[in-house]
Amino acid sequence: MTVFMTGKYSTGQGDACSRAVSRGLVLVHSCPRALSPHLEWALTAVFGNEVRLGWCDQVISPGSVRAEIVWTGETGTGARLASALLAFSQVRFEVTEDGIPGRDGERFAATPDLGLFRANIGPFGDIMVHEERLRAAIAAALVSGSSLVDGVSRLIGSPWDDELEPFRSAHEGSTVRLLHEVV
(Lines give C-alpha, C1' and ligand atoms only; values in the text may rest on other atoms or scores of the structure.)
Protein backbone atom coordinates (compact mmCIF):
# COMPACT_ATOMS: atom_id res chain seq x y z
CA MET A 1 0.00 0.00 0.00
CA THR A 2 1.29 3.45 -0.91
CA VAL A 3 1.61 6.01 1.89
CA PHE A 4 1.40 9.75 1.15
CA MET A 5 3.61 11.99 3.32
CA THR A 6 4.05 15.73 3.58
CA GLY A 7 7.11 16.98 5.38
CA LYS A 8 7.12 19.92 7.74
CA TYR A 9 8.40 23.05 6.07
CA SER A 10 11.05 25.35 7.47
CA THR A 11 9.84 28.77 8.49
CA GLY A 12 13.37 30.11 8.85
CA GLN A 13 15.12 32.47 6.51
CA GLY A 14 16.79 30.99 3.48
CA ASP A 15 17.00 31.42 -0.23
CA ALA A 16 13.86 30.74 -2.25
CA CYS A 17 15.27 27.51 -3.72
CA SER A 18 15.88 25.95 -0.29
CA ARG A 19 12.24 26.59 0.63
CA ALA A 20 10.78 25.44 -2.68
CA VAL A 21 8.29 22.60 -2.62
CA SER A 22 9.39 19.36 -4.17
CA ARG A 23 7.87 15.92 -4.47
CA GLY A 24 9.11 12.45 -5.00
CA LEU A 25 8.89 8.77 -4.31
CA VAL A 26 10.48 6.33 -1.89
CA LEU A 27 10.44 2.65 -2.80
CA VAL A 28 11.70 0.36 -0.07
CA HIS A 29 12.15 -2.80 -2.14
CA SER A 30 13.29 -5.04 0.70
CA CYS A 31 13.80 -4.47 4.40
CA PRO A 32 14.27 -7.18 7.03
CA ARG A 33 11.01 -7.26 9.00
CA ALA A 34 12.86 -6.63 12.29
CA LEU A 35 14.31 -3.35 10.92
CA SER A 36 11.00 -1.94 9.67
CA PRO A 37 10.09 0.03 12.83
CA HIS A 38 13.61 1.50 12.94
CA LEU A 39 13.31 2.56 9.31
CA GLU A 40 9.99 4.26 10.09
CA TRP A 41 11.64 6.16 12.97
CA ALA A 42 14.43 7.32 10.64
CA LEU A 43 11.87 8.55 8.10
CA THR A 44 9.90 10.26 10.88
CA ALA A 45 13.03 12.25 11.73
CA VAL A 46 13.31 13.44 8.11
CA PHE A 47 9.64 14.30 7.61
CA GLY A 48 9.05 15.77 11.06
CA ASN A 49 5.77 13.82 11.13
CA GLU A 50 5.09 10.28 12.31
CA VAL A 51 5.57 7.76 9.51
CA ARG A 52 3.59 4.50 9.49
CA LEU A 53 4.22 2.51 6.35
CA GLY A 54 1.89 -0.02 4.82
CA TRP A 55 4.36 -2.90 4.85
CA CYS A 56 3.78 -5.89 2.56
CA ASP A 57 5.74 -9.12 2.36
CA GLN A 58 8.52 -9.09 -0.24
CA VAL A 59 7.89 -12.39 -2.00
CA ILE A 60 11.38 -12.79 -3.47
CA SER A 61 13.14 -12.14 -0.16
CA PRO A 62 11.56 -14.24 2.61
CA GLY A 63 11.54 -12.44 5.94
CA SER A 64 11.62 -9.06 4.21
CA VAL A 65 8.94 -6.45 3.67
CA ARG A 66 8.46 -3.63 1.16
CA ALA A 67 6.71 -0.26 1.16
CA GLU A 68 6.13 2.85 -0.96
CA ILE A 69 5.87 6.53 -0.06
CA VAL A 70 4.78 9.39 -2.29
CA TRP A 71 6.10 12.51 -0.58
CA THR A 72 5.98 16.28 -0.71
CA GLY A 73 8.52 18.43 1.11
CA GLU A 74 11.22 21.03 0.84
CA THR A 75 13.76 20.80 -1.94
CA GLY A 76 16.52 18.44 -0.81
CA THR A 77 14.18 16.08 1.02
CA GLY A 78 15.11 13.28 -1.42
CA ALA A 79 18.77 13.49 -0.39
CA ARG A 80 17.84 13.56 3.30
CA LEU A 81 15.63 10.48 2.84
CA ALA A 82 18.37 8.59 0.99
CA SER A 83 20.85 9.51 3.73
CA ALA A 84 18.51 8.26 6.44
CA LEU A 85 17.84 4.98 4.61
CA LEU A 86 21.52 4.41 3.84
CA ALA A 87 22.12 3.83 7.56
CA PHE A 88 20.31 0.49 7.06
CA SER A 89 22.85 -1.47 5.01
CA GLN A 90 20.53 -4.46 4.52
CA VAL A 91 17.80 -2.38 2.85
CA ARG A 92 17.26 -2.09 -0.90
CA PHE A 93 15.64 1.20 -1.85
CA GLU A 94 15.13 3.91 -4.43
CA VAL A 95 14.37 7.57 -3.76
CA THR A 96 13.43 10.12 -6.38
CA GLU A 97 12.94 13.85 -6.17
CA ASP A 98 11.30 15.58 -9.11
CA GLY A 99 13.03 18.58 -10.61
CA ILE A 100 11.72 22.09 -10.15
CA PRO A 101 12.45 25.17 -12.26
CA GLY A 102 16.16 25.89 -11.93
CA ARG A 103 17.01 22.53 -10.35
CA ASP A 104 17.41 19.02 -11.77
CA GLY A 105 15.66 16.10 -10.15
CA GLU A 106 17.60 13.40 -8.35
CA ARG A 107 17.54 9.63 -8.17
CA PHE A 108 19.12 7.55 -5.44
CA ALA A 109 19.31 3.75 -5.42
CA ALA A 110 20.99 1.49 -2.90
CA THR A 111 21.58 -2.20 -2.49
CA PRO A 112 23.56 -4.14 0.13
CA ASP A 113 26.10 -5.28 -2.48
CA LEU A 114 26.54 -2.08 -4.51
CA GLY A 115 26.02 0.69 -1.99
CA LEU A 116 24.55 4.04 -3.02
CA PHE A 117 24.00 5.39 -6.54
CA ARG A 118 23.03 9.02 -7.19
CA ALA A 119 22.20 10.76 -10.45
CA ASN A 120 20.76 14.03 -11.67
CA ILE A 121 17.50 13.57 -13.55
CA GLY A 122 16.52 15.86 -16.42
CA PRO A 123 13.03 17.22 -17.09
CA PHE A 124 12.08 14.15 -19.15
CA GLY A 125 13.32 11.55 -16.67
CA ASP A 126 16.72 10.97 -18.30
CA ILE A 127 19.82 10.45 -16.19
CA MET A 128 22.12 13.40 -16.80
CA VAL A 129 25.86 12.66 -16.72
CA HIS A 130 28.08 15.71 -16.42
CA GLU A 131 31.04 16.15 -18.72
CA GLU A 132 33.68 15.85 -15.98
CA ARG A 133 32.29 12.46 -14.93
CA LEU A 134 32.49 11.23 -18.53
CA ARG A 135 36.06 12.52 -18.81
CA ALA A 136 36.97 10.67 -15.60
CA ALA A 137 35.44 7.43 -16.95
CA ILE A 138 37.43 7.81 -20.19
CA ALA A 139 40.64 8.48 -18.26
CA ALA A 140 40.05 5.51 -15.94
CA ALA A 141 39.45 3.23 -18.92
CA LEU A 142 42.65 4.42 -20.62
CA VAL A 143 44.81 4.07 -17.51
CA SER A 144 43.47 0.75 -16.24
CA GLY A 145 42.55 -0.87 -19.53
CA SER A 146 39.03 -1.38 -18.22
CA SER A 147 35.98 -1.11 -20.44
CA LEU A 148 34.58 2.34 -21.12
CA VAL A 149 31.20 0.69 -21.60
CA ASP A 150 31.37 -0.64 -18.01
CA GLY A 151 32.36 2.81 -16.75
CA VAL A 152 29.45 4.53 -18.51
CA SER A 153 27.11 1.75 -17.39
CA ARG A 154 27.99 2.54 -13.75
CA LEU A 155 27.51 6.28 -14.38
CA ILE A 156 23.93 5.68 -15.49
CA GLY A 157 23.20 3.18 -12.71
CA SER A 158 22.82 0.00 -14.78
CA PRO A 159 24.24 -2.34 -12.10
CA TRP A 160 21.71 -0.95 -9.57
CA ASP A 161 18.86 -1.30 -12.07
CA ASP A 162 19.90 -4.89 -12.81
CA GLU A 163 19.92 -5.80 -9.12
CA LEU A 164 16.68 -3.96 -8.28
CA GLU A 165 14.60 -5.07 -11.27
CA PRO A 166 13.44 -8.39 -9.74
CA PHE A 167 12.32 -6.46 -6.63
CA ARG A 168 10.45 -3.90 -8.73
CA SER A 169 8.65 -6.66 -10.58
CA ALA A 170 7.71 -8.35 -7.31
CA HIS A 171 5.62 -5.37 -6.23
CA GLU A 172 2.31 -7.05 -7.00
CA GLY A 173 -0.55 -4.65 -6.56
CA SER A 174 1.75 -1.64 -6.44
CA THR A 175 -0.01 1.61 -7.27
CA VAL A 176 3.20 3.29 -8.42
CA ARG A 177 5.13 2.37 -11.53
CA LEU A 178 8.59 3.67 -12.41
CA LEU A 179 9.53 4.06 -16.03
CA HIS A 180 13.17 3.06 -16.02
CA GLU A 181 13.62 2.07 -19.63
CA VAL A 182 11.92 4.13 -22.30
CA VAL A 183 12.58 3.42 -25.97
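Computed from a prediction, not measured in an experiment: that's the story for all the values here. (Residues numbered from 1 in each chain as written. Predicted model: local features only at pLDDT ≥ 70, side-chain atom pairs only at ≥ 80, totals over all residues. Heavy atoms only, no water.)

(A) Fine view of the overall build of the chain. On a plain count of helices and strands, the chain comes out with five helices and eight strands. Scored against the burial criterion, the 183 residues of the chain give a buried share of 42%. Considering only contacts in the chain between residues 6 or more positions apart, those separated by 24 or more positions represent 63%. Counting every atom, the chain has about 10,000 Å² of accessible surface; 58% of that belongs to carbon and sulfur. (Helix = DSSP H or I, 4+ residues; strand = E, 2+ residues; numbered from the N terminus. Buried < 20%, exposed > 50% of the residue type's maximum accessible area, 1.4 Å probe, protein only. Contact = heavy atoms within 4.5 Å. Areas by Shrake-Rupley, 256 points an atom, 1.4 Å probe, with all protein chains shown as cover.)

(B) Structural view of the pattern of salt bridges. Applying the stated criterion to the full structure yields 14 salt bridges. The salt bridge involving Asp-57 is made with Arg-33; its shortest N-O contact spans 2.3 Å. Residue Asp-57 is located in strand S3 (residues 56-57), and its partner Arg-33 is located in the loop between strand S2 (21-32) and helix H1 (36-47); the two are separated by 24 residues in the primary sequence. Using a relative accessible area of 44% as the deciding quantity, one classes Arg-33 as partly exposed. Arg-118 is the salt-bridge partner of Glu-106, the closest N and O atoms lying 2.8 Å from each other. Linking Glu-106 in strand S6 (residues 105-111) with Arg-118 in strand S7 (residues 115-121), this pair joins segments that are 12 residues apart in sequence. Here the salt bridges share partners, and the residues they tie into one network are Glu-94, Arg-107, Asp-161, Glu-165 and Arg-168. (Salt bridge = Lys/Arg side-chain N within 4 Å of Asp/Glu carboxyl O.)

(C) Looking closely at helix H4 (residues 148-155). A side-chain oxygen of the first residue of H4 lies 3.1 Å from the backbone nitrogen of Val-149; this N-cap is Ser-147. After H4 finishes, the residue Gly-157 shows a positive phi value of roughly 85°. (Polar contact = N/O pair within 3.5 Å; in protein donor to acceptor, adjacent residues only side chain to side chain.)

(D) Layout of the packing of helix H3 (residues 131-144) against H4. Viewed as axis vectors pointing N to C, H3 and H4 meet at an angle of 150°, and their least axial separation amounts to 9 Å. The interaxial crossing formed by H3 with H4 has right-handed handedness. When H3 is examined against H4, the residues Arg-133, Leu-134, Ala-137, Ile-138 and Ala-141 are found in contact with a partner set consisting of Leu-148, Val-152 and Leu-155. Partitioning the contact of H3 with H4 into residue classes produces seven nonpolar, no polar and one charged. (Axes fitted to C-alpha atoms, helices over the stretch in contact; angles between N-to-C directions. Left-handed = near helix turned anticlockwise from the far one by under 90°. Nonpolar A, V, L, I, M, F, W, Y, C, P; charged D, E, K, R; others polar.)

(E) Just the packing of H1 against helix H2 (residues 77-86), in detail. At a minimum axis distance of 9 Å, the contact between H1 and H2 shows a crossing angle of 155°. As judged from the angle between their axes, H1 and H2 are roughly antiparallel. Our pair here, H1 against H2, has a crossing hand that is right-handed. Every residue of H2 that contacts H1 at Leu-39, Ala-42, Leu-43, Val-46 and Phe-47 is listed here: Thr-77, Arg-80, Leu-81, Ala-84 and Leu-85. (Parallel < 35°, antiparallel > 145°, perpendicular 65-115°, else oblique.)

(F) Spotlight on the environment of Ile-127. Following the sequence through the fold, Ile-127 ends up in strand S8 (residues 127-128). Sequence separation between Ile-127 and Glu-106 is 21 residues; the distance between their C-alpha atoms is 8.7 Å. Among residues more than four places away in sequence, those in contact with Ile-127 are Arg-107, Phe-117, Ala-119, Asn-120, Ile-121, Leu-155 and Ile-156.

(G) Representation of the environment of Gly-24 within the structure. Structurally, the position occupied by Gly-24 is in strand S2. Assessed through its relative accessible area of 9%, Gly-24 is described here as buried. Expressed as a C-alpha distance, the spacing of Gly-24 and Trp-71, which sit 47 residues apart in the sequence, is 5.3 Å.

(H) Main features of the packing of aromatic side chains. Considering all chains together, one arrives at one aromatic pair under this definition. Look at Phe-117 and Trp-160: their rings are 5.1 Å apart centre to centre, the planes differ by 35°, and that puts the pair in the tilted class. Taken together, the residues span a long stretch of sequence, with Phe-117 in strand S7 and Trp-160 in helix H5 (residues 158-169) at a distance of 43 residues. Each member of the pair, Phe-117 as well as Trp-160, carries the same accessibility label: buried. (Phe/Tyr/Trp six-rings, centres within 6.5 Å; stacked < 30°, edge-to-face > 60°.)

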